[in-house]
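# Notes for the structure review
Chain by chain, the residues:
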Amino acid sequence: MNFKLKLLIAGIALGFSASSMAADPIKIGVAGPFTGGSAPMGVSMRDGVKLAVAEINAKGGVLGRQIQLVERDDEAKNERGVQIAQELINKEKVAATVGYINTGVALASQRFYQEAKIPVMNNVATGSIVTKQFADQPENYIFRNSANDQIQSGMIVHEAVENRKFKKVAILADSTNYGQLGREDLEKALDKKGLKAVATEKYNLKDVDMTAQLLKAKQAGAEVVLTYGIGPELAQIANGMEKLGWKVPLIGSWTLSMANFIDNAGKNGNGTRMPQTFIQDPTTPKRKAFIDAYVKAYNPPGGRMPSAVSAAQGYDSIYLLAAAIKQAGSTDGPKVKAALEGLNEKIEGVVTTYSKPFSKDNHEAITADITVFGEVKDGKVVPAK
């Protein structure tokens, strides 16, 4: 074989190799609870993520490559989240991961991404500390596009104290990291108003009777109950108030919009209010297209998303990451992180249109002015009036 022919064959082989490399998918991890009490949030988030990826891939992907999701169920358990993080980083070689529903799982798991210099987009977890866990380090790889608990607690307290003029406030929070960190944020927000809760009560996941906690709040003269919790236990609060014949407003964090609260509370949930980044209401063409696509793809009971906030934020998290990868021209972690901190293009999401959502010092895409109040009315969440 002459030298020129060898060169030609080598060149063709190299061309095949380069084209196959270019076609390698971009792996993105999706971590959340797809089973258990937090599953409505986790599954809705994952389904929103999958819709966004399908749309992006149908248009040619990113950098000429398809996005490939690597899904893992963390079961809302910290130790499982840690295992998954190590697997996604070391075995699957993900370019980034989206997800985390539970604040405790996020705090336990994301340190591995920080060490590996791989971006994480928290698209549901709201604990205020989540994006600040590594704030003292020169580079921070933890981002978020959900309304953190400082935003929510401030809104909840403003609604109770300023808008509705209540002075005697009770707090009921679950015993998870999420519930207890949220309780602290509520107490700080109350303190700014010169108030202290007349009763502060804790309950555990899977508790089915809140009578003792509610009686303490009632006997303390509470005019309103503020909640911070996850899962169906929130419905036990609304149902327990009905059993006691105690009618005071229930205002709490965004999780009161979940299907497993609304369905288990029934009529007792009516009037409950909570901060929302997204309500299943087709107020813009983009939102209508997203809602229609979700209902068509997943056929949820009654056409209602189990957790509309989680689905919307999951969807948007992928578009934010895809824009950063495109801008970076690379899946290299430090380059993607830098691109996220200085995104050039506006990204039209379903929660909002993002314009420079992040900076080097601020990894929170959602601000208080994006967040609105929702209210439970006859089995669904509607904008509060």
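None of the values given here were measured: they were computed from a predicted structure.

Definitions and cut-offs
- Residues numbered from 1 in each chain as written.
- Predicted model: local features only at pLDDT ≥ 70, side-chain atom pairs only at ≥ 80, totals over all residues.
- Heavy atoms only, no water.
- Buried < 20%, exposed > 50% of the residue type's maximum accessible area, 1.4 Å probe, protein only.
- Helix = DSSP H or I, 4+ residues; strand = E, 2+ residues; numbered from the N terminus.
- Pairing = 2+ DSSP bridges.
- Salt bridge = Lys/Arg side-chain N within 4 Å of Asp/Glu carboxyl O.
- Contact = heavy atoms within 4.5 Å.
- Domains from an automatic or database assignment.
- Buried area = accessible area lost by both parts, 1.4 Å probe.

### Quick word on the pairing of strand S6 (residues 169-174)
The buried count for S6 comes to six of six residues, which makes it a mostly enclosed element. Residues Val169, Ile171 and Ala173 line one face of S6 and the alternating positions Ala170, Leu172 and Asp174 line the opposite face, and both faces are buried. Where S6 meets strand S8 (residues 224-228), five bridges bridge the pair, whose relative direction is parallel. Among the inter-strand pairings, Ala170 is bridged to a residue of S8, identified as Val225. Summarising the sheet, S6 and strand S7 (residues 199-203) pair through five bridges and their orientation is parallel.

### Notes on the pattern of salt bridges
Here the idea is simple: oppositely charged side chains can pair when their charged atoms come close. Taken as a whole, this structure holds 22 salt bridges when the rule is applied. With a closest N to O distance of 2.7 Å, Arg144 and Glu364 form a salt bridge. Residue Arg144 is found in strand S5 (residues 142-144), and its partner Glu364 is found in the loop between strand S12 (353-354) and strand S13 (372-377); the two are separated by 220 residues along the sequence. Note on accessibility: Arg144 and Glu364 belong to one class, buried.

### Some thoughts on the environment of Gly32
The topology assignment puts Gly32 in strand S1 (residues 26-32). Note: C-alpha distance between Gly32 and Lys77 (45 residues apart in sequence) is 9.6 Å. Discounting chain neighbours no more than four positions away, the residues touching Gly32 are Met45, Arg72, Asp73, Asp74, Glu75 and Ile101.

### A closer look at the domain arrangement of the protein chain
If you check the domain split of the protein chain, you get domain 1 (26-147 + 283-368) and domain 2 (152-276). Each of domain 1 and domain 2 was reduced to a C-alpha centroid, and the two centroids are 28 Å apart. Taken together, the contacts link 18 residues of domain 1 with 17 residues of domain 2. Together, the buried faces of domain 1 and domain 2 total about 1,300 Å²; carbon and sulfur atoms form 61% of this surface. Taken as a group, Met41, Arg304 and Val309 account for 33% of the area that domain 1 buries against domain 2, more than any other trio of residues on that side. The tally of links from domain 1 across to domain 2 stands at one salt bridge.

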